[in-house]
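Fold and contact review
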Amino acid sequence: MEFDFQTGVAFGMLAIVLVYLTNRFVLTPIRRSKTSPDHNCGPDCKCEH
Amino acid sequence: MSKEPLTIALVGNPNTGKSTIFNALTGLRQKIANYPGITVEQKVGTSIIGGVLHKIIDLPGAYSLNYKKLDERIAYETLIGSYEHEEIPDLALVVVDSSNLDRNLYLATQVMDLGIPVMLILNMSDVAKGKGISINPDLISNSLGVPVVAISAKNKSDIDQLKQKISESDLEVPEPLKWGPDDSLKEAMNLLINEWIKPYTNIPESARSIEALRLISEGEFNNAFYQFEKEEKGKSTIKKARELVEKGGGNPMATEVLSRYNFIGECTSNASSITSQTKASLTDRIDAVVTHKVAGPVIFTLVLLFMFQAIFSWATPFMDMIDLLFVEGGNWVANTLPEGMLNDLLVDGVIAGLGGVVIFLPQILFLFFFIYVLEGTGYMARAAFVMDGFMTKVGLHGRSVVPLMSGFACAIPGIMATRTIENWRDRIITIMVLPFMACSARLPVYALMIAAFIPSTTILGIFTLQGITFFGLYIFGIVMAVLAAFVMKRIFPTGQQTPFIMELPAYKMPKWSVVFQNTAERGKVFITEAGKIIVAISIVLWFLASFPKTEMPVLTQTDNTEYNSSFDVTENPESYQLRHSFAGQFGKIIEPVIEPLGFDWKIGIGLITSFAAREVMVGTLNTIYSIEEEDGESSTLKEKLINDVNPETGQPVYSIATAISLMIFFALAMQCMSTIAIVKRETNSWKWPTAMFVYMTALAYLSSFIAFQIGSNL
Amino acid sequence: MMHPLSNGKEGEEIVVRCLDCHCDDVCRLNELGCVEGAQGRIISNQKNVILQLGEARLAIASTLAKTILVSSK
């Protein structure tokens, strides 16, 4: 495979997109799931309001 | 008024036109964020009033500061400055519905007790006038001791008058407890404040009276505010305070409410009068029909049928235009850029992927338009009322109707809206069945399959078979939600039932500018949020479908003598390359699992990517089919699906049975990471989202299998 | 003479006399203006009840309507 300008840009886009997807679907959900809600969330939650 | 920038909070009952005033004051200078730690939307904007830029907060609608629901708690906590980085507002604009003054003033008198400057806005004064209600704002102002302005938020001149009034305001704090609690209630409040709230809690001084009244009325306290080790002390003080009220001849639960209403009655008796009931009787006549036990559900069904038929047919010309735009755009890029990898990636990956989804923007816009119109007219609350009896029978609650209807747009706001359901069991059942409601992300898949494989036969002159199939899919989602709720009702133990109580707002014409603004906002979210994911996945997919580069073997006489499964004489080089790419190889691995459902490996890849978000499916198919397309060809995705032939069997890949099986899979499977994340947050447990994912996906597989096997054998 | 709201007739003018329901429901009804002594009109009574109280229109479940005692005006 020839590595020309277009190939470079295409692979650059792929790299950016992979970083975005990892952040969007792996890191952010992990961060969000660690945030506890502080409202009425039922029997699994200690608080009542 | 000082020339300092102020924080101004808009507070009021639901359906009082608060958001209309907020939009009128802030225009486009607003942003929607979340309250800290929770996913209730916080609308904050800015407005230039008297040459000064002020911050405006639109609080969630609340009937009372004695909160029982999350929305009401947020309004209360914002007003007392409980949130980190949020200061106590400098001015509370209490928006009341002029045509329902007494009830709305209940909240106003509570806000007045918080020790912050208050201005009363008598909104919907035109509606009140239409009902024959006349109000004297000056007399109300004198009785309450706060500035009062009568407006109709729809009129620009009234908004200017409001701004003028705000800029002239001297920000005077109203007299606390003006409604006059009796001596025993005052004594009980002082006892609670001095022996419990002041020494043991961090409630700000201005909110202590309101908190004391709440505790006396409810007989319990909110753990979040208090030091747990002193719980017993708190309980005994509340008990003593309630005994003091009882000794004075009052009912601790009702004394405050009755005193406030007495005061309000005195304030409004001279200041407002009713001269006619013309409009009210019109509302009665409409309600007599739309809330009728037989006609009501029929009307509700017809409204839904009309809505989905309209979404399908009205959007078509716009969709065709967008389709053409992307096809032409793709051709232009292909012809303009020099040949190479970037050219292919942009044309077959990005433009094809994005185009496959943007085409559904008109349908999304129509869907949200109808939802906002139904909300704006006051019909949504009637739908909840009409369906309550049925909902209760199947294990849901009348209040489940509005979250479930929101689920037609997106499961996430629907799940958040379940917070208005006070009973945990009702709430968790609603959350667990809500993703069955056909959200807008399913719409692209449904629309594509229906347009490609269901004939557009006209039925009864106005409906088409395509429109009815579309409606049928939404009904299918509702039926599955109902069945699932019915089963869950038997699994979850019955606790204290919360009966249905809801205020039915007066019928009114929706404010069209708000409807269009909100619809446009949702369209923007669809394009920006879904668009980002779709472009990203399309790029990754293009690489997976384009590598490794494989040359198609040259056909010779000897090769043709025996059948080679990896090579087909009718196949074009692009198709051969795709089948041998990473995506193709992966698709072939999962194909045996999905083959019984009538799906080939290309659909399989679409299914995998659609677990990120359902609408990605269409973009994925568009990317895959564009890569496979021979150079120089250019057709729509619909045409590509219709013409797709299995190279091994020579049969079309898609039959009606395949299309139905695929639509059923999409109707039932849990393919949305955002929904999983929100359920985890709302239930504070992985147990519920895991159970949801497993039962929905298993049900989807089984149902698709049955549908395809029956369909293909007919 | 008092009777449950659920037994009222459409169009009947009533006075709320007693809320004999769970305290949470009493609080909610009170906040919505349904307090003892409040006057209103029954708009619809087909299992669930629609009650007009002043300018507020409340939809009330039949189970709850049975616990609200009213008298004709």
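In short, a report on the structure. Every value quoted in this text rests on a predicted model; they were computed, and no experiment measured them. (Residues numbered from 1 in each chain as written. Chains lettered and ligands numbered in written order. Predicted model: local features only at pLDDT ≥ 70, side-chain atom pairs only at ≥ 80, totals over all residues. Heavy atoms only, no water.)

On to helix α7 (residues 183-200) of chain B. Residues and elements named next belong to chain B. In this model α7 runs 25 Å from its N-terminal to its C-terminal C-alpha over 18 residues, within 8% of the 26 Å that 1.5 Å per residue would give. Along α7, the sharpest kink reaches roughly 45°, centred on Ile-193. Turning to α7, its buried residues number three or more, namely Ser-184, Leu-185, Ala-188, Met-189, Leu-191, Leu-192, Ile-193, Trp-196 and Ile-197. Residues of α7 that are buried make contact with α8 (208-218), α9 (231-247) and α10 (255-271). (Helix = DSSP H or I, 4+ residues; strand = E, 2+ residues; numbered from the N terminus. Expected span 1.5 Å × (residues − 1). Bend = angle between axes of the 7 residues up to and from the residue. Buried < 20%, exposed > 50% of the residue type's maximum accessible area, 1.4 Å probe, protein only. Contact = heavy atoms within 4.5 Å.)

Once that is clear, we can look at the environment of Val-515 of chain B. Residue and element names in this part refer to chain B. Within the secondary structure, Val-515 is located in helix α22 (residues 512-546). Val-515 sits in the buried class, given a relative accessible area of 4%. Sequence separation between Val-515 and Gly-376 is 139 residues; the distance between their C-alpha atoms is 7.8 Å. What Val-515 contacts, discounting residues up to four positions off in sequence, is Phe-369, Tyr-372, Val-373 and Pro-510.

Spatially, seven strands are ordered β12(B)-β5(C)-β4(C)-β3(C)-β2(C)-β6(C)-β1(C) in an open sheet, and the strand pairing comes out antiparallel. Edge strands, defined here as strands with exactly one partner in the open sheet, are β12 (501-503) of chain B together with β1 (2-4) of chain C. Shown here is a sheet whose adjacent strand axes are inclined to one another by a mean of 40°, direction ignored. The pairing of strand β4 (residues 48-53) of chain C with strand β5 (residues 56-60) of chain C spans five bridges and is classified as antiparallel. (Pairing = 2+ DSSP bridges. Axes fitted to C-alpha atoms, helices over the stretch in contact; angles between N-to-C directions.)

For the rest of this paragraph, the subject is the interface of chain B and chain C. Across the contact, 39 residues belong to chain B and 31 residues belong to chain C. Summed over the shared surface of chain B and chain C, the result is three salt bridges. Residues Asp-287 of chain B and Arg-57 of chain C are paired through a salt bridge, measuring 2.7 Å at the closest nitrogen-oxygen approach. Our count for the contact surface shared by chain B and chain C stands at 10 residue pairs in polar contact (both at pLDDT 80 or more). For the side of chain B that touches chain C, the elements supplying multiple residues, two or more each, are α3 (101-112), α10, α11 (278-290), α16 (379-394) and β12 of chain B. Among the elements that line the side of chain B that touches chain C, the one with the most residues is α16 of chain B, at five residues. When grouped by side-chain class, the residues that make up the side of chain B that touches chain C number 16 nonpolar, 10 polar and 13 charged. (Salt bridge = Lys/Arg side-chain N within 4 Å of Asp/Glu carboxyl O. Polar contact = N/O pair within 3.5 Å; in protein donor to acceptor, adjacent residues only side chain to side chain. Nonpolar A, V, L, I, M, F, W, Y, C, P; charged D, E, K, R; others polar.)

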